[in-house]
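Chain by chain, the residues run as shown.
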Amino acid sequence: MQPSLRPPAAWRHHPFAARVLVVLFCTGLVLPGGLALIGAGDPDAVAFEFRRPAPAPQWNRSVASWRAFPRGFESYFGDRYALRSELLSLRARLHWNLLGSSPSPLVVRGKDDWIFLTASHALPNAAGKVPMTFAEVDNFLAAAKRRRDLLAQRGIHYLFAFVPEKSSVYPEFLPWNHVRKGQRRVDQIMERAAELGLDFVLDTTDAVVAAKDVDGVREDDYTFFPLGTHWTSRGAAAAGRAIADRWAAAGLPARLPDPSELRFVHVPNGISDLWDTRLYLVGAVGQETYEGIWSRGRAAEPGESIEAARAAMWRRPGAPAKKLLVFHDSNGPAVQPTLATAFQESRWEWRRYEQQSVEEFEPEAVLELFSERHLLMSLPYQDDPAAQPDLARLFAQAEPPALTVEPSDWSERLEPENGARLLLDAPGYPGLAVLVFEGREGYFRLQLPELETGRDWILRLDCAARSDGAVGVTYTWRSAGDVYPIESNHAQRFSLASGNQSVYIHLSHQRVGTEVGLSTGGTPRALRIDRLEARALPHR
């Protein structure tokens, strides 16, 4: 008997059920978009993803704007989709509970539900797969030594301390496929510092690892947060004691109270580095928090904050040392309650080193807390405000100018509108420099296509500032590594005093692309550029 080739009869919906299905489908398709169009979406929710909402696309008569409009509108609309957060939360729970993976590419899920940062090549660095070149290591230490020497002339103790990455302290919780291949970048720097006898550079990794001896005694009581990327009060306290011990060995009376006088107590619903919001897993994950509490009379007291400098003040009258100035990032606040006990007054600034702060505060000691991850987010810093005389000498000895621009009417021609463009012509190179003002940020994109990559350049900006401030410089760079080449953004800051002055900026041979960013930290009209000149250093 031949089998029938007739397809089976399709299952038939009841007419009423079919209509309900159509209505539900159309409602789910149209309702979120309709709510977004009337402004019911919450674009600020994307702040949890470390970015800003996509701006409305620009649509004019140019061909480029027509080509860019579809993608721009998709990003703009997607960030304002009315049920975006709810749908992302559902997706995150499926990833976390069913697939056993991280719902975000910013972190990877390891053993026992620990998460580890993947941004900035943190995991390849912990595995020793992205080493620095010998020149990069020496440049890094040479810049730190210049700073140490400058401060030593004023009788100021200087210490540069590395904050370890979580993956460097807890490799046992990393995913199974993480294998150590070589040295971390911090290991390279510390090895070279030991060869050169530079005892003002400190790696706090060993101190934090030693503090792991009481891990697991209480739930979630570790030196790093299992569901975060920063160290806990206990990990930070161990690093703070290592810093104080290094200073004491150098003759600075920065002694901390006895360790027995510091207890770590459980704080229900305390503030912790918990990535539940950033991963859209609110209510699905959690962790306990412990804070360090000093015995009576031993603790330092927080004082006023200085918002303009993102600075916090701490005081402990009668402490053995006098004044401490600290430059730090997001790992700094956890160290404050410990290290502040060794100084009568301490000022903690959430930014990179700023010479102007040293001039104002007149500290007895200066500490730079430098997170290991920043070694892969930016080039090793080479030139700082204190190195301006050195850069001026290099500029004078460099090759003849390759670029000279004198926009005499710069400030008058630049209008404070998003996307306003200013075209600057150099002799023989029409349109060589283009600046684009990006509204709220006071940021300019300087296009320099004639400055070849693979060479070191020194830029000289002759400028006039209406008030004291700083100019930021950013550009894209690429490492020399072959296995895991890194491409990221390099950032530098240079202090500005009110009035006329010249600022010298070093562009590394590792720069790629033609764009250099300038940021004034406020309205661009507060800074007038009178002359821009670029000279090349000899080939390496």
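Along each chain, numbering runs from 1 in the same order as the chain's sequence is written. A pLDDT threshold of at least 70 governs which residues receive local features in this predicted model, and a stricter bar of 80 or more applies before side-chain atom pairs are shown or counted, although totals over entire chains, interfaces and linings include all residues. Only hydrogens and water are set aside; all other atoms, that is, all heavy atoms of the structure, feed into the side-chain values.

### Side note on the confidence of the model for the chain
At step 1: Of the residues in the chain, 79% reach a pLDDT of 70 or more, and the chain-wide mean stands at 80.
At step 2: pLDDT expresses how confident the predictor is about each individual residue, on a scale running from 0 to 100. The contact criterion used throughout is that any non-hydrogen atoms of two residues lie within 4.5 Å. A low-confidence stretch, residues 408-420 stays under pLDDT 50, and its non-local contacts, those more than four residues away or across chains, total 26 contacts.

### Concerning the pattern of salt bridges
At step 1: For this document, the term salt bridge refers to a Lys or Arg side-chain nitrogen within 4 Å of an Asp or Glu carboxyl oxygen. Under the counting rule described, the total for this entry stands at 27 salt bridges.
At step 2: When the shortest N-O distance is used, the salt bridge between Glu-359 and Arg-154 registers 2.8 Å. Of this pair, Glu-359 sits in helix H11 (residues 355-361) while Arg-154 sits in the loop between helix H5 (134-152) and strand S3 (157-163), and the two are 205 residues apart along the sequence.
At step 3: The cut-offs for exposure are 20% and 50% of the maximum accessible area for each residue type, with area from a 1.4 Å probe on protein chains only; residues under the lower value are buried, those over the upper are exposed, and the others partly exposed. Look at Glu-359 and you get partly exposed, because its relative accessible area is 39%. Only DSSP runs of H or I covering at least 4 residues are called helices, and only runs of E covering at least 2 are called strands; the numbering of each starts at the N terminus.

### Thoughts on the sheet that holds strand S8 (residues 311-315)
Two strands in a sheet stick together by hydrogen bonds in their backbones, pointing the same way (parallel) or opposite ways (antiparallel).
At step 1: Whether two strands pair comes down to DSSP finding at least two bridges between them. The strand order S4-S3-S11-S9-S10-S8-S7 describes an open sheet built from seven strands, whose pairing is mixed. Only two strands of the sheet have a single neighbouring strand rather than two, namely strand S4 (201-203) and strand S7 (301-306). For this sheet the average axis-to-axis angle between neighbouring strands, irrespective of direction, equals 20°.
At step 2: Bridging between S8 and strand S10 (residues 343-349) involves five bridges; their strand directions are antiparallel. Opposite Trp-314, over in S10, you have Ser-346 as the bridge partner.
At step 3: Along the sheet, helix H7 (residues 185-196) makes contact with S3 and S4, crossing S4 at roughly 140°.
At step 4: Contacting S3, S4, strand S9 (321-327), S10 and strand S11 (365-371), helix H9 (residues 233-249) runs over the sheet at an angle of about 150° to S3. Angles run from 0 to 180 degrees between N-to-C directions of axes, and those axes are lines fitted to C-alpha atoms, restricted for helices to the stretch in contact.

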